[in-house]
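Residues per chain are reported as follows:
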Amino acid sequence: MLLKEIRTIFHKELDALYPKEEVDSFFYMLLEHYLGLERFVLAMEPKKLVSKEEEQPLFEGLSELKLERPIQHIIGKTHFFDMEFKVNKNVLIPRPETEELVQWILMDYIRGPHEPVKGPQNAQAKKRTNNLGSTDTFTILDIGTGSGCIAVALAKNFPQAKVIALDVSIEALAVAKLNALSNNVEIEFVHADILKIKSLGKKFDIIISNPPYVRELEKENIHRNVKKYEPGSALFVSDDNSLVFYEHISKYAADNLKNDGALYLEINQYLGKETCQLLKDQNFLEIELRKDMFGNDRMLKGVKSKI
C-alpha cells in the first residue's frame, strides 16, 4: 500500500477524535518508531510503498489511538528536556508545564547545562548558587517522582549533586530506575509515602514536587485518555482535602531543607492563593507564584526561613 494512503486512512478514522495536526503527528511518530522513517519521507517519496509486514504495526497503532490510548503509551516513550523517557500505565506522562518548573530551578542556580549563573537575581540567590561549589554535598529531593523525569533532568544538569527520588508506587519507581539508567545519571530511589514519613536523615538544598492536585470536581475537565490510561492516584485528590499533599510537603520541607534551601512545587491553577498560604504558615520567605505557558498559576517557590 502507498504510505500516503495509510496517512489518509489515519485521518479518516481519527479526525473526529483529534485535531488534524495531532493526527499527522501520531502518524509520523508511529512511522519513525516502527519503520525508522523521518517525517519528511512523503515529501521526498510521495509514491513510497510499504509492505504488509510494515503496515501491521501502523494499523495496530491506529486501532489503539481509536481507543484513545496515549501515543506515548503505544510507542512506550516520550521526551522531557531533550531526553527520552520510558512511560507506561504506572506513571504520568511528563507535561510541558513540569519542564517549566525544572527550568525555573536551572535559572535560579545555573543558566544552562553545567554553566554557572552570572549575576544572580539577589543576594540570597547568589548564596544558594555558591552552594554548588561548596565542600558540602549539594542535595536535591524529588517527592512523587513518577517516571523520574524531574529527578533525571536535575541530576543531568547538577552532576555534582546528590539526587534522591521518592515515590509511594513500587511500579513507578521501577520505571524511574530504568529512565535514570538509560539517561546515565545516578539517583537514589526511596519507596515511601510522603504523607507518613518525617525525615530521610538528610537536609536538602532543593525539594521539588509535582504531587496529585486535580480535585474530583475538576475530573470532567480532564481528557478521557488521561482518566482512562494514566494512574489516578498520581492525579486526583478529594474535594474536601485537596491540599493534603501540599500540607505535608511544605511541613516536610520546613523541617528538612537547609537554611536558605528552596521548595519548588507544581500546583493546582485554581488554588494558588491557598497553596501560598501553606508556605507562609511554615515561615517560608521569598514566596513566588508563577504562571505557566498557558497563563495559569502553576508553579510556586519558597525559601526556608532561618527562624
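Please refer to the structure placed before this passage.
All values reported here derive from a predicted model rather than from experimental measurement.

S.K.: Would you explain the overall build of the protein chain in this entry?
M.R.: For the protein chain, the count of helices and strands is 12 helices and 13 strands. Taken over C-alpha atoms, the radius of gyration comes to 21 Å for the protein chain, in line with the 19 Å a tight globule of 307 residues would show. Overall, the protein chain is about 70 × 45 × 35 Å in size when its C-alpha atoms are taken along their principal axes. Out of the 307 residues in the protein chain, the part that is buried amounts to 49%. Across the protein chain, contacts joining residues at least 24 apart in sequence account for 65% of those joining residues at least 6 apart.

S.K.: For this particular structure, what's the right way to read the nonpolar core?
M.R.: Soluble globular proteins tend to pack their nonpolar side chains together in the buried interior. With 36 residues, the main nonpolar core has Leu 154, Phe 158, Ile 187 and Tyr 264 as its most contacted residues. Contributions of two or more residues to this core are made by β2 (83-86), α6 (96-109), α8 (149-157), β6 (162-167), α9 (170-182), β8 (204-209), β11 (257-266) and β13 (297-303). The dominant element in this core, judged by the number of residues it contributes, is α8, at seven residues. Counting residues in each nonpolar core, the second largest holds 33 residues, with Val 244, Tyr 252, Ala 254 and Leu 263 among its members.

S.K.: How should I be thinking about the packing of helix α2 (residues 20-35) against helix α4 (residues 52-66) in this particular structure?
M.R.: Each pair of packed helices gets described by two things: the angle between the helix axes and the distance between those axes. It is the contact of α2 with α4, at a shortest axis distance of 10 Å, that shows an interaxial angle of 140°. Comparing their axes, α4 and α2 come out oblique. Considering how the two elements wind past one another, α2 and α4 form a crossing that is right-handed. Across the interface between the two elements, Phe 26, Leu 30, Leu 31, Tyr 34 and Leu 35 from α2 touch Glu 54, Pro 57, Leu 58, Gly 61, Leu 62 and Leu 65 from α4. Residue classes in the contact of α2 with α4 are distributed as nine nonpolar, one polar and one charged.

S.K.: I'm lost on the sheet that holds β13 in this one. Help?
M.R.: Either a parallel or an antiparallel arrangement is found when strands of a sheet pair, and the pairing is made through backbone hydrogen bonds. The strand order across the open sheet formed by seven strands is β7-β6-β5-β8-β11-β13-β12, and the pairing between neighbours is mixed. One side of each edge strand has no neighbouring strand; the edge strands of this open sheet are β7 (188-191) and β12 (285-291). When strand polarity is set aside, the average angle formed by the axes of neighbouring strands in this sheet is 15°. α6 rests against β8, β11, β12 and β13 of the sheet, and its axis sits at about 155° to β11.

Calculation criteria
- One numbering rule holds for all chains: residues counted from 1, following each sequence as written.
- For this predicted model, a pLDDT threshold of at least 70 governs which residues receive local features, and a threshold of 80 or more governs which side-chain atom pairs are given and counted, while totals over whole chains, interfaces and linings are taken from all residues.
- The side-chain figures draw on all heavy atoms in the structure; neither hydrogens nor water molecules are used.
- Only runs of H or I of at least four residues qualify as helices and only runs of E of at least two qualify as strands under DSSP, and these elements are numbered from the N terminus.
- Every radius of gyration here is taken over C-alpha atoms, with the globule rule written as 2.2 Å times N^0.38, N being the number of residues.
- Remark: exposure states derive from per-residue accessible area (1.4 Å probe, protein chains only) relative to the maximum for the residue type, with buried under 20%, exposed over 50%, and partly exposed in between.
- We call two residues contacting when some pair of their heavy atoms lies within 4.5 Å.
- What is meant by a nonpolar core is a set of buried Ala, Val, Leu, Ile, Met, Phe, Trp, Tyr and Cys residues, joined one to another through side-chain atoms within 4.5 Å.
- Axis lines are fitted to C-alpha atoms, over the contacting stretch for helices. Their N-to-C directions set the angle, which ranges from 0 to 180 degrees.
- Should an angle fall under 35 degrees it is called roughly parallel, over 145 degrees roughly antiparallel, and 65 to 115 degrees roughly perpendicular, with every other angle called oblique.
- Note: crossing handedness is left-handed where the near helix turns anticlockwise from the far helix by less than a right angle, and right-handed where it turns clockwise.
- Polar here means any residue outside two lists: the nonpolar Ala, Val, Leu, Ile, Met, Phe, Trp, Tyr, Cys and Pro, and the charged Asp, Glu, Lys and Arg; Gly therefore counts as polar.
- Strand pairing is assigned whenever DSSP detects at least two bridges linking the two strands.

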